[in-house]
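# Structure at a glance
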Amino acid sequence: MKFKDFFVIGTDTDVGKTYVSTLLYKTLKKHNFQYYKPIQSGCFLKDGKLTAPDVDFLTNFIGIDYDNSMVTYTLEEEVSPHLASEMEGTRIEIENIKKHYEDLKKKYSNVLVEGAGGLYVPLIRDKFYIYDLIKLFNLPVVLVCGTRVGAINHTMLTLNALNSMEIKLHGLVFNNYRGQFFEDDNIKVILELSKIGNYMIIKNGQKEISEKEIEKFFN
């Protein structure tokens, strides 16, 4: 099966974007995929080096060594990337991110890019946002959605924004599903409103995605 690069974003903070990215990467790694987090704020010191928590989570979860090539900018302050870079005096150069992504593409068959939060997260104040990066890379989006109360509104607002920006959606991933009746209804309403047929449901505590599910989702 032939895969394509894609960009993972979330409908809002703490929706489980990194968890879903990790599960996707765990299955896709065998297909010569690489995970890439262009900018990470909220980093911490580990063995004397500033460490990206999302990369740290992913590598620990899968059981591989921390990989510095998975991230371009590491920022310590746990705030939006644009603000963290201002506070720390770090100049975000989009060309550096573009080159890093292109270098990964030379080495790997495909790249799974994880954004920072949702579409409107600023990377450079008043100049460059996550949606700009998606357009720069020209990638389809995998949108991670919640199933909790509020999921319908958050998801539909993001889908409408993607549509208005003419950014292609690959599919939806409903994360942290616990089998509650209102979750089933939230998912049903979202699918009916959006007319989206390509989706995946990740259960609370799920440790992997089967090859069959991956093939169906990315076919």
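As the structure is a prediction and not an experimental result, all values here were calculated from the model.

### Quick look at the overall build of the protein
- Broken down by element type, the protein carries eight helices and 11 strands.
- When contacts within the protein are restricted to residue pairs at least 6 apart in sequence, long-range pairs at least 24 apart make up 74% of them.
- By element, 48% of the accessible surface of the protein is carried by carbon and sulfur atoms, the whole surface being about 11,100 Å².
- Computing the positive centroid from 27 side-chain charges and the negative centroid from 29, the protein places the two 6 Å apart.

### Description of the UniProt feature "active site" (unreviewed entry) in the protein
- Within this structure's numbering, the places UniProt gives as "active site" (unreviewed entry) are Lys37.
- With respect to the helices and strands, the residue Lys37 is situated in strand 2 (residues 33-40).
- Judged by its relative accessible area of 2%, Lys37 falls in the buried class.
- Not counting chain neighbours up to four residues away, the residues in contact with Lys37 comprise Lys17, Asp54, Val55, Met70, Val71, Thr72, Glu114, Gly115 and Ala116.

### Overview of the packing of aromatic side chains
- The tally for this structure, following the rule as stated, stands at 14 aromatic pairs.
- Both rings, one in Phe3 and one in Phe33, keep their centres 5.8 Å apart while their planes meet at 80°; by these two values the pair is edge-to-face. With Phe3 in the segment before strand 1 (6-10) and Phe33 in strand 2, the pair connects residues that are 30 residues apart, well separated along the chain.
- Accessibility expressed as a relative area gives 8% for Phe3, which makes it buried.

### Details of helix 3 (residues 81-88)
- Taken as a whole, helix 3 has its buried residues at Pro81, His82, Ala84 and Ser85. One side of helix 3 carries all its buried residues, which in axial view fall inside an arc of 165°.
- For helix 3, the elements touching its buried residues are strand 2 and strand 7 (122-124).
- Residue Gly89 follows helix 3 closely and has a positive phi angle near 70°.

### Examining the side chain of Glu114
- Considering the arrangement of structural elements, one finds Glu114 in strand 6 (residues 110-114).
- On the basis of relative accessible area, Glu114 is assigned to the buried category, the value being 0%.
- Reaching out from Glu114, the side chain makes a polar contact with the side chain of Lys17 at a distance of 3.0 Å.
- Setting aside chain neighbours within four positions, we find Glu114 in contact with Phe7, Val8, Lys17, Thr18, Ser21, Tyr35, Tyr36, Lys37, Pro38 and Asp54.

Cut-offs applied
- For every chain, the first residue of the written sequence is number 1, and numbering continues from 1 along that sequence.
- Whole-chain, interface and lining totals are the exception, using all residues; otherwise, since this is a predicted model, local features are given only for residues with pLDDT of at least 70 and side-chain atom pairs are given and counted only at 80 or more.
- Side-chain figures throughout are based on the complete set of non-hydrogen atoms in the structure, without hydrogens or water.
- Note on conventions: DSSP H or I runs of at least 4 residues are helices, E runs of at least 2 residues are strands, and numbering of each starts at the N terminus.
- Should any heavy atoms of two residues lie within 4.5 Å, those residues are considered in contact.
- Residue exposure ignores everything except the shown protein chains as possible cover, and the areas themselves are Shrake-Rupley values with a 1.4 Å probe.
- Residues scored as positive are Lys and Arg, those scored as negative are Asp and Glu, and His as well as the terminal groups of each chain are ignored.
- In this description, the location of a charge corresponds to atom NZ of lysine, CZ of arginine, CG of aspartate or CD of glutamate.
- UniProt positions are given in the numbering used here, feature names are shortened, and annotations may be inferred rather than shown by experiment.
- Only protein chains enter the accessibility calculation, which uses a 1.4 Å probe. A residue is then buried if its area is under 20% of the maximum for its type, exposed if over 50%, and partly exposed in between.
- Stacked, tilted and edge-to-face pairs are distinguished by plane angle, under 30 degrees for stacked and over 60 for edge-to-face with tilted covering the rest, among Phe, Tyr and Trp rings (Trp via its six-membered ring) whose centres lie within 6.5 Å.
- Comment: arc refers to directions from the helix axis out to C-beta atoms.
- By the criterion applied in these results, polar contacts are pairs of N or O atoms within 3.5 Å in which, for protein atoms, one can donate a hydrogen and the other can accept it, and in which residues neighboring in sequence qualify only through two side-chain atoms.

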